[in-house]
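Residue strings, one per chain:
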Amino acid sequence: MPINLADLERGAPFTGDYPAALAALQERLARAQLAQVVHRRRALIVLEGPEGAGKKAALKRLGAALDPCFYAVHCMTTDRRQSSEGHWLAPFWNRLPAGGATAIFCHSWYRRVLEDHVIGLVGDKEWKRAFDEINEFESQQRDYGTVLVKLYFHATDKLLDERIAVRAADSWQHHLLGPVELRTADGRDSYRRSLAQALKLTDTRWAPWTGIDAANEPAAEIAALTVIADAFEAAIPMEPPERIEPSARFSTAHLSPA
């Protein structure tokens, strides 16, 4: 069922013991990642949403739980200078994880197609074709045994405007804002329409979206990490494989003369 953005604007605070809940979740994630590494499973985590929606705050909590040797973070920006040098999904194919590793995309292929549509670089026909290509791309990852988690962080326009205004006034953060973040009110309406259609067209059985209410950061972080931990535990065996005795692993029988 497609995400209803209105359901993600309630901003309910986290009512439990946040430090304890976070520590427990990070322990779950560490165990799940160990199982992933041992069983050589690949994983893709997509963190999408507008600037100011709390993706990086959740990413920091997630990264603190994981072994850094087995994950990579890709904060993708749109580089249209390379648009004529190959298929637009090529940069993402090149960053897919190896067995036992996780690739985390903080902005992904979705940001590229949304921006291109909102600022008028592609027409409706090309845009819809891009979503067919995305669905096929994600289907191929799942068919290959990859765990795929897609999270969309959302907050009200008022809250996002407040957060963006703070960044726009900060000389060290202003560069983080792109054409979508600095859009006019008319552009925002266009973005919302495009976003709603994008979420609907790509909320598939093999790669569903999960919405995160990002108004309250602690609640958003707990919600996001819970979804990721649940997905890993559901898809990856949580028991170790059968032990191989050292004598069998390092046998030299095959070196004996005939």
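Described in the following lines is the structure provided in the data block. (Residues numbered from 1 in each chain as written. Predicted model: local features only at pLDDT ≥ 70, side-chain atom pairs only at ≥ 80, totals over all residues. Heavy atoms only, no water.)

### Quick look at the packing of aromatic side chains
How we decide: By convention, a stacked pair of Phe, Tyr or Trp rings (six-membered ring in the case of Trp) has centres within 6.5 Å and planes under 30 degrees apart, an edge-to-face pair has planes over 60 apart, and any other such pair is tilted. Per the convention used, a helix needs a DSSP run of H or I reaching at least four residues, while a strand needs a run of E reaching at least two, with both numbered from the N terminus. Exposure is judged per residue with a 1.4 Å probe applied to protein chains only, and the accessible area is read against the type maximum: over 50% gives exposed, under 20% gives buried, and values in between give partly exposed.
Across all of its chains, the model carries 10 aromatic pairs by this definition. When the centroid spacing of 5.0 Å and the interplanar angle of 75° are considered together, the rings of Trp 93 and Phe 137 count as edge-to-face. Here the residue Trp 93 occupies a position in helix α3 (residues 90-93), and Phe 137 occupies one in helix α5 (residues 124-143), the gap between them amounting to 44 residues. With a relative accessible area of 40%, Trp 93 lands in the partly exposed category. Among the residues examined, Phe 137 registers a relative accessible area of 2% and is labelled buried. Geometrically, the ring pair formed by Phe 105 and Trp 109 is edge-to-face, given 5.1 Å between the ring centres and 65° between the ring planes. For the residue pair Phe 105 and Trp 109, the accessibility class agrees, reading buried in each case. Taken together, the ring pairs in this structure connect Phe 92, Trp 93, Phe 105, Trp 109, Tyr 110, Phe 137, Tyr 152 and Trp 209 into an aromatic cluster.

### Quick word on the sheet that holds strand β2 (residues 71-74)
The line we're drawing: In short, DSSP must find at least two bridges between two strands for them to pair. Every axis corresponds to a line fitted to the C-alpha atoms, with the helix fit spanning only the stretch in contact, and the corresponding angles, defined between N-to-C directions, vary from 0 to 180 degrees. Any two residues having at least one pair of non-hydrogen atoms within 4.5 Å are treated as being in contact.
Spatial ordering of the open sheet is given by β2-β3-β1-β4-β5, a layout of 5 strands whose pairing is parallel. Each edge of the open sheet is held by one strand with a lone partner, namely β2 and β5 (209-213). When the angles between neighbouring strand axes are averaged without regard to direction, this sheet yields 20°. The strands touched by helix α8 (residues 217-235) within the sheet are β1 (43-48), β3 (102-106), β4 (147-154) and β5, with β4 carrying the most contacts at an inclination of about 165°.

### Regarding the environment of Pro 13
Mapped onto the elements, Pro 13 comes out in the segment before α1 (18-38). Its relative accessible area of 53% is what places Pro 13 among the exposed residues. Distance in space between the C-alpha atoms of Pro 13 and Ala 215 is 8.4 Å, their sequence separation being 202 residues. If near-sequence neighbours (up to four positions away) are discounted, Pro 13 is found in contact with Asn 216 and Ala 219.

### Focus on the nonpolar core
Short version of the rule: Among the buried residues, those of types Ala, Val, Leu, Ile, Met, Phe, Trp, Tyr and Cys that are joined through side-chain atoms within 4.5 Å form a nonpolar core.
If you look at the biggest cluster of nonpolar residues, it comprises 33 residues, and the most contacted ones within it are Leu 29, Leu 62, Leu 151, Phe 153, Ile 228 and Phe 232. Only α1, β1, α2 (55-63), β3, β4, α6 (157-168) and α8 provide two or more residues apiece to this core. For this core, the element with the highest residue contribution is α8, accounting for 7 residues. Of all hydrophobic cores here, the second largest spans 29 residues; its members include Val 46, Met 76, Val 118 and Trp 127.

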